[in-house]
Amino acid sequence: MTAPLDSTLSQWLSFHAVNRPDAVALATHDGEISYAELAAEVAQLVSGFAEIGIGKGDTIAAQLPNGREFVTALLAAAGRGAIFQTLHMPYGEHELSYLLADSNAKAVLSFGAEKSAAMVSLSNELGNLNTVISVGADCDGGVSYKELSAVNSRPADQVATLPDDPFLLLYTSGTTAEPKGVPHTYRGFLNNALLSAGEFDIGENSRVLSLAAMTHLYGLFTLQLSLASGGASALLPAFNPQTLFDDLASLQPDSVFAAPAHFAPFVSAGRLTPEHLAGIRLLCLSGATVPPTLANTLDQLMDEGEVIQLWGMSELQAGAYGRPGEPLEKRIKTTGTASPRTQLRVVGDSEQTLGPDEEGALEVKGPSVFDGYLNKPGETNTAFTESGWFRTGDLARIDADGFVTLTGRSKELINRGGVKYNPVEIEIEVMKLPQVVQCAIVPVADDVLGERGCLCAQLVPGETLALDTVTSSLSDAGIAKYKWPERLEIFEELPMTPTRKVMRGRLIEMISGSD
């Protein structure tokens, strides 16, 4: 039973708790939680938050894994009319100090005694951060999550909210620049998630699993899909390649949302079988360029399911995606068509709209797009055109049927002797080599040409790779020679963001340091 449009998170939870109280809301390795049980837990934490002074408009941050506490805290923050800020689990003091100061967070939820103790020390340096809530273990100077969540619920502590109230604060990944705060209202994100659930055929009997962290918009989007539809969220605290197959068998999801890097090593090593993907109806890949060979292999391994791709950003949630039942060629080679109520266009250097299959800058307009960056009016102004289109920074082509093919990021172009080229198309070809698990081509400084391309590759264990092998394969594929990488660096593992994107800036630093 789908929740109504133009609602808040509290209204979604109440809707399902009333209409389907015994339905599974959360599925974990420790058991299942019904919507009625979840609503009762949230009500107690709402009153717990009230006791520590969290109120409407306050920001409460959370550095938590994909677990019961994350979901309950998100919904309880909404119940107090607060703004929920997500913090990725790998972040340390350097990143956290900036993010918590920029957001003016009043409280933060932290996981485990060690992280909570570090957060308490940090709070002593930040005048705005009053309370550290320790989840999973108590710590000196912190407030116990267990105690807050055991407070007797008081209906008067529930704060009324409206669809246009702010409820979420995300931050851009900061892979190429300082992270930027991205505020969102209920109406923009929740309507997009609710309509998308229908496009994905996710309903009240669905069980949705995210291998991506819910501190990122992609993982959070999957949670909203299940909350919108009244289905169950299958919660995996963290992706672990050693236990993935057991996790899939235990949680039994029918819809899985992942990054290409979650499955690429298993496919490269030939370890993934149809039995591992049994029961999965929908496998969505996003977060990085999806090699068509990987998507096709996964699709063929699914006896009853299909692979689709999704494109989204912190600034707009899900902007385009494939749908079940679409032709295989479209599903494995494109990121689908625009989400409901979203407009997409590709423009040239003079902001003129380009025709079908012409490559240019991707721009978006729609109700899920944010209004502007937190505390950064100048960057907000630069991000939007005069007519209100958001400049995504992505390069793309849109065909006559509206299917979007992402071709790279404008900031990732390599300028070789004044001729710029997009490394993504070369990376896709390199990924076809059986030795390669993951790769990225980044620029290295050159006294003559300005920049040359360096291929950074992670290989299948026990394999080797020579630059001649790479360039020979590119020659066979008809790739122009000026685009060929002129240096090769092998890595045991490529540096990744918490959302499983290759950190190109970090790669450039690493290979520059080895010169």
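For the structure itself, consult the block above.
Residues numbered from 1 in each chain as written. Predicted model: local features only at pLDDT ≥ 70, side-chain atom pairs only at ≥ 80, totals over all residues. Heavy atoms only, no water.

Trainee: Kindly report on the overall build of the chain, identifying the contributing residues and their values.
Mentor: For the chain, the helix and strand inventory stands at 16 helices and 25 strands. Computed over its C-alpha atoms, the radius of gyration of the chain comes to 23 Å, within 12% of the 24 Å expected for a compact globule of 515 residues. With the C-alpha coordinates of the chain rotated into their principal frame, the extents come out at 70 × 50 × 50 Å. Considering the chain as a whole, with its 515 residues, one finds that 55% of them fall into the buried category. Here the chain displays about 20,800 Å² of accessible surface, and carbon together with sulfur accounts for 48% of that area. (Helix = DSSP H or I, 4+ residues; strand = E, 2+ residues; numbered from the N terminus. Rg over C-alpha atoms; globule rule 2.2 N^0.38 Å. Buried < 20%, exposed > 50% of the residue type's maximum accessible area, 1.4 Å probe, protein only. Areas by Shrake-Rupley, 256 points an atom, 1.4 Å probe, with all protein chains shown as cover.)

Trainee: Quick rundown of empty space enclosed by the protein? Include the residues and the values.
Mentor: A complete count under the given rule lists one cavity of 30 Å³ or more for this structure. Empty space within the largest cavity amounts to approximately 120 Å³. Every residue lining the largest cavity is counted, 14 residues in all, and those nearest its centre are Thr86, His88, Tyr171, Thr172 and Thr215. In the lining of the largest cavity, the residues fall into seven nonpolar, seven polar and no charged. (1 Å grid on protein atoms, 1.4 Å probe; cavity = no way out; pocket = protein on both sides within 12 Å on 5 of 7 lines; lining within 4 Å. Points joined across faces, edges and corners; volume = space filled by probe spheres on them. Nonpolar A, V, L, I, M, F, W, Y, C, P; charged D, E, K, R; others polar.)

Trainee: Outline the sheet that holds strand 25 (residues 487-491), supporting the account with residue identities and numerical values.
Mentor: Hydrogen bonds along the backbone pair up the strands of a sheet, which may run parallel or antiparallel. With respect to topology, three strands assemble into an open sheet ordered 23-24-25, the strand pairing being mixed. The strands lining the two open edges of the sheet, one partner per strand, are strand 23 (436-446) and strand 25. The sheet shows a mean angle of 25 degrees between the axes of neighbouring strands, direction not considered. Pairing between strand 24 (residues 450-459) and strand 25: five bridges, direction parallel. Note on strand 25: the bridge partner recorded for cysteine 456 is glutamate 489. (Pairing = 2+ DSSP bridges. Axes fitted to C-alpha atoms, helices over the stretch in contact; angles between N-to-C directions.)

Trainee: Talk me through the environment of asparagine 152; I want residue IDs and the actual numbers.
Mentor: Here asparagine 152 is to be found in the loop between helix 6 (145-148) and strand 8 (166-171). Overall, the relative accessible area of 62% leaves asparagine 152 in the exposed class. For asparagine 152 and leucine 45, which are 107 residues apart along the polypeptide, the C-alpha to C-alpha distance reads 8.7 Å.

Trainee: Tell me about the layout of surface pockets, and name the residues and values.
Mentor: Here the second largest pocket defines a volume of roughly 580 Å³. If you go around the second largest pocket, you meet 23 residues; those closest to its centre are Pro265, Val437, Gln458, Pro461 and Glu492. Broken down by secondary-structure element, the contributors of at least two residues to the lining of the second largest pocket are helix 10 (260-268), strand 23, strand 24 and strand 25. Of the residues forming the lining of the second largest pocket, the biggest block, five residues, is contributed by helix 10.

Trainee: An account of the pairing of strand 12 (residues 255-258) is requested, with residue identities and associated values reported.
Mentor: Along strand 12, one buried face is formed by Ser255 and Phe257 and the opposite face, lined by Val256 and Ala258, is buried too. With three bridges connecting them, strand 10 (residues 207-210) and strand 12 associate as parallel partners. Paired with valine 208 across the two strands is serine 255, which belongs to strand 12. Across four bridges, the pairing between strand 12 and strand 13 (residues 282-285) is parallel. Bridging across to strand 13, valine 256 finds its partner in leucine 283. Handedness of the crossover joining strand 12 and strand 13 through helix 10 is recorded here as right-handed. (Right-handed = clockwise from strand over helix to strand, strands pointing away.)

Trainee: Lay out helix 8 (residues 217-229) with the relevant residues and their values.
Mentor: Here helix 8 is 13 residues long and its end C-alpha atoms lie 18 Å apart, about the 18 Å a rise of 1.5 Å per residue gives. Burial of helix 8 is extensive: 13 of the 13 residues sit out of reach of the surface. Following helix 8 by one or two positions, glycine 230 adopts a phi angle in the positive range, close to 80 degrees. (Expected span 1.5 Å × (residues − 1).)

Trainee: Got a sec to walk through the nonpolar core? Specific residues and values, please.
Mentor: Ranked by size, the top nonpolar core spans 64 residues in total, and within it Leu9, Phe49, Leu109 and Phe200 carry the most contacts. Those residues in contact with leucine 9 that lie beyond four places of it in its chain are Leu74, Leu75, Ala78, Phe167, Tyr186, Leu190 and Leu227. (Core = buried A, V, L, I, M, F, W, Y, C linked by side-chain atoms within 4.5 Å. Contact = heavy atoms within 4.5 Å.)

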